[in-house]
Amino acid sequence: NVGFYQNPHSGNGFALGNFYYDKTSPFPPSPLPINYRDYIQGRLISKLIAGKTYCASFWINYIECSGYAHNKMGAYLDDGKINGLSTTPGSEITTIIPQVYTDSIIKDTLNWTKIEGSFLATGNENYISIGLFFNNSAISKILTNYCSASTQYSAYLIDDVSVIPI
């Protein structure tokens, strides 16, 4: 990989996403018209049971060639309707609150960090989406500047996603 070196948390692979992009960033000026967001989505093996408590978790790693580290990375579970909340590819989805998210700024490029939490299922959840679901003004971020080529972005690796009943 050009911008980082990291082994998977387990297994043979992981996902990569640019979860934060500030169109107002002055260094260098943004070529994008939106505050771009990637979201990673997967289908659950089976629909969750209404009234049952579940634990959702995933492992995250901040990549070296990334400009911003931030908090509020989270997981949102629903029936797939989240896909209709944005008509522009890469635009922010900030009208929902993820069931699980972190208040800590994740900036560790060496070790994987686990994000997890529990929630009560409504019974319609059969998809999980991972990303940043908060407005830029609602997150805390730091400019790490590990790699000058990507100062407008945050990029994270995601691995070992799970949703299990408690």
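So, a few notes on the structure that sits alongside this text. (Residues numbered from 1 in each chain as written. Predicted model: local features only at pLDDT ≥ 70, side-chain atom pairs only at ≥ 80, totals over all residues. Heavy atoms only, no water.)

1. Considering the overall build of the protein chain
Along the protein chain, the regular secondary structure elements total 0 helices and 10 strands. Listed by position from the N terminus, the elements making up the protein chain come as β-β-β-β-β-β-β-β-β-β. The buried share of the protein chain, taken over its 166 residues, is 47%. For the protein chain, the accessible area works out to roughly 8300 Å², and carbon and sulfur atoms hold 52% of it. (Helix = DSSP H or I, 4+ residues; strand = E, 2+ residues; numbered from the N terminus. Buried < 20%, exposed > 50% of the residue type's maximum accessible area, 1.4 Å probe, protein only. Areas by Shrake-Rupley, 256 points an atom, 1.4 Å probe, with all protein chains shown as cover.)

2. Remarks on the nonpolar core
Ile60 and Met73 are the most contacted members of the largest nonpolar core, which has 26 residues in total. Where this core is concerned, the elements lending two or more residues are strand 1 (15-21), strand 3 (53-62), strand 4 (68-70), strand 5 (73-78), strand 7 (113-120), strand 8 (127-132) and strand 10 (153-165). In terms of residues, this core owes the most to one element, strand 3, which gives 5 residues. Discounting residues that sit within four places of it in the chain, Ile60 has contacts with Met73, Ile106, Asn111, Trp112, Thr113, Ile115, Tyr156, Leu157 and Ile158. (Core = buried A, V, L, I, M, F, W, Y, C linked by side-chain atoms within 4.5 Å. Contact = heavy atoms within 4.5 Å.)

3. Observations concerning the pairing of strand 10
Pairing analysis gives 6 bridges linking strand 1 to strand 10, with the strands arranged antiparallel. The partner of Tyr21 across the bridge, within strand 10, is Tyr153. Pairing of strand 3 with strand 10 involves 8 bridges; the strand directions are antiparallel. Looking at strand 10, one finds that Ile60 is bridged to Ile158. (Pairing = 2+ DSSP bridges.)

4. A look at the packing of aromatic side chains
Aromatic ring pairs are reported here in terms of the distance separating the ring centres and the angle at which the planes meet. If you walk through the whole model with that rule in mind, you get 10 aromatic pairs. Summarising the aromatic geometry, the rings of Tyr20 and Tyr68 are spaced 5.1 Å apart at their centres and angled 75° between planes, so their arrangement reads as edge-to-face. Remark: Tyr68 occurs in strand 4 and Tyr20 occurs in strand 1; sequence separation between them is 48 residues. You can call Tyr20 buried: its relative accessible area is 0%. (Phe/Tyr/Trp six-rings, centres within 6.5 Å; stacked < 30°, edge-to-face > 60°.)

5. Concerning the sheet that holds strand 7
Strand order in the open sheet formed by 4 strands is 1-10-3-7, with antiparallel pairing between adjacent strands. Whereas interior strands pair on both sides, the edge strands pair on one side only; in this sheet they are strand 1 and strand 7. For this sheet, the mean angle separating the axes of adjacent strands, direction not counted, is 35°. (Axes fitted to C-alpha atoms, helices over the stretch in contact; angles between N-to-C directions.)

6. Notes on the environment of Ile60
Relative to the helices and strands, Ile60 resides in strand 3. Each C-alpha atom of the pair Ile60 and Thr109 lies 9.6 Å from the other, and the pair is 49 residues apart in sequence.

7. Structural notes on the sheet that holds strand 2 (residues 40-43)
Reading across the sheet, the 4 strands line up as 2-8-5-6 and stay open at both edges, with antiparallel pairing between neighbours. Of all strands in the sheet, those with a lone pairing partner are strand 2 and strand 6 (100-101), marking the two edges. With 2 bridges joining them, strand 5 and strand 6 adopt antiparallel strand pairing. The residue of strand 6 that forms the bridge with Gly74 is Tyr101.

8. Some remarks on the side chain of Asp159
Within the element layout of this structure, Asp159 appears in strand 10. No salt bridge is formed by the buried Asp159. Its closest oppositely charged neighbour is Lys114, at 13 Å. Of note is the side chain of Asp159, whose polar atom sits 3.3 Å from the backbone nitrogen of Ser10. In this structure Asp159 touches Pro8, His9, Ser10, Gly13, Phe14, Phe58, Trp59 and Trp112, once residues within four positions along its chain are discounted. (Lys, Arg positive; Asp, Glu negative; His and termini not counted. Salt bridge = Lys/Arg side-chain N within 4 Å of Asp/Glu carboxyl O. Polar contact = N/O pair within 3.5 Å; in protein donor to acceptor, adjacent residues only side chain to side chain.)

9. A closer look at unusual backbone geometry
Even without being a glycine, Lys72 presents a positive backbone phi close to 70°. Considering the arrangement of structural elements, one finds Lys72 in the loop between strand 4 and strand 5. For Lys72, a relative accessible area of 12% corresponds to the buried category. Phi at Asp160 is positive, roughly 50°, even though this residue is not glycine.

Treat this as a map of the structure, not an account of what it does.
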